[in-house]
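Fold and geometry: a report
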Amino acid sequence: MTFFFHLHSGLRYLVLLSGVIALAYFAFAAATKRPFDKVGRIIGASYSGFLQLQVLVGVGVLVTRGYYPALIGHIVMMVLAVGAIQGPLGATRRRAAAASAGTESPEPGDVKRVPPGYVAVLVGALVSLALVAGGILAIRPGLFVSTAF
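Described below are features of the structure shown in this document. All figures in this text were calculated on a predicted structure; none of them were measured in a lab. (Residues numbered from 1 in each chain as written. Predicted model: local features only at pLDDT ≥ 70, side-chain atom pairs only at ≥ 80, totals over all residues. Heavy atoms only, no water.)

**Digging into the overall build of the chain**
Check the secondary structure of the chain and you find four helices and zero strands. When the helices and strands of the chain are listed from N to C terminus, the series reads α-α-α-α. Counting across all 149 residues of the chain, residues that qualify as buried make up 36%. Expressed as a percentage of contacts within the chain between residues at least 6 apart in sequence, the contacts between residues at least 24 apart total 83%. Per element, the accessible surface of the chain, about 8,600 Å² overall, is 72% carbon and sulfur. (Helix = DSSP H or I, 4+ residues; strand = E, 2+ residues; numbered from the N terminus. Buried < 20%, exposed > 50% of the residue type's maximum accessible area, 1.4 Å probe, protein only. Contact = heavy atoms within 4.5 Å. Areas by Shrake-Rupley, 256 points an atom, 1.4 Å probe, with all protein chains shown as cover.)

**Brief notes about the environment of V121**
Its place among the elements puts V121 in helix 4 (residues 119-139). In this structure, V121 is in contact with F26, F36, I85, P88, L89 and T92, ignoring residues within four places of it in sequence.

**Some points on the pattern of salt bridges**
Within this structure, the stated rule accounts for one salt bridge. Between D37 and R34 there is a salt bridge whose closest N-O contact spans 2.9 Å. (Salt bridge = Lys/Arg side-chain N within 4 Å of Asp/Glu carboxyl O.)

**What about the layout of surface pockets?**
Of the voids in this model, the largest pocket is the one considered here, and its volume is about 590 Å³. As for the largest pocket, its lining consists of 29 residues, and the residues nearest its centre are H8, V61, L71, H74 and I139. Elements with a minimum of two residues in the lining of the largest pocket: helix 1 (3-31), helix 2 (38-65), helix 3 (71-101) and helix 4. The element contributing the most residues to the lining of the largest pocket is helix 2, with eight residues. By residue class, the composition of the lining of the largest pocket is 19 nonpolar, seven polar and three charged. (1 Å grid on protein atoms, 1.4 Å probe; cavity = no way out; pocket = protein on both sides within 12 Å on 5 of 7 lines; lining within 4 Å. Points joined across faces, edges and corners; volume = space filled by probe spheres on them. Nonpolar A, V, L, I, M, F, W, Y, C, P; charged D, E, K, R; others polar.)

**A few points about the environment of R94**
Along the chain, the position of R94 falls in helix 3. In sequence terms R94 and P116 are 22 residues apart; their C-alpha atoms lie 9.4 Å from each other.

**Things to note about a positive patch on the surface**
Taken together, the side chains of K38, R41, R93 and R94 present a region of like positive charge at the surface. Secondary structure elements with two or more residues in the positive patch: helix 2 and helix 3. (Patch = residues over 30% accessible without salt bridge, like charges linked within 9 Å, V, L, I, M, F, W, Y side chains within 5 Å. Lys, Arg positive; Asp, Glu negative; His and termini not counted. Charge placed at Lys NZ, Arg CZ, Asp CG, Glu CD.)

**Some details on the packing of aromatic side chains**
Within the structure shown, the criterion is met by six aromatic pairs. Aromatic pair Y13 and F144: ring centres 6.2 Å apart, planes at 10°, arrangement stacked. Of this pair, Y13 sits in helix 1 while F144 sits in the segment after helix 4, and the two are 131 residues apart along the sequence. Ring geometry for F36 versus Y118: centroids 5.2 Å apart, planes at 50°, classification tilted. Of this pair, F36 sits in the loop between helix 1 and helix 2 while Y118 sits in the loop between helix 3 and helix 4, placing them 82 residues apart in sequence. (Phe/Tyr/Trp six-rings, centres within 6.5 Å; stacked < 30°, edge-to-face > 60°.)

**Topic: the side chain of T92**
You can see T92 is positioned in helix 3. When sequence neighbours within four positions are dropped, the list of residues in contact with T92 reads F36, P116, G117, A120 and V121.

If you want it as structure tokens, here you go:
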């Protein structure tokens, strides 16, 4: 069954493209010291969603095509890549929700919650993209090389 294999192989380009877009936006937003906003959530969720879909389709490839030893490095790096982006995105989203929930006037002595920035998600996207590249290179000679099944 080559459907999952071709889907997994083609989806790799969407993962890389959305990762580069996320990395560029997060770097720009971090450099301009913008607070985490709706656009950042959408871009981060898109990249994370494509990456999670890629892992799910990869399970389908594993079930339909079988296992070989080089897949260990590929699988481990891809699962770590999902965690590397999902962790900072979730934490930043929760911090942003907590900061916006505290909009009423603070009591004297209360700590004002500052909306989170983009540094954590920038680092998460960078680590995640590096792990994706390493995972691809674990089973292919290059990031954009297609091999026969």
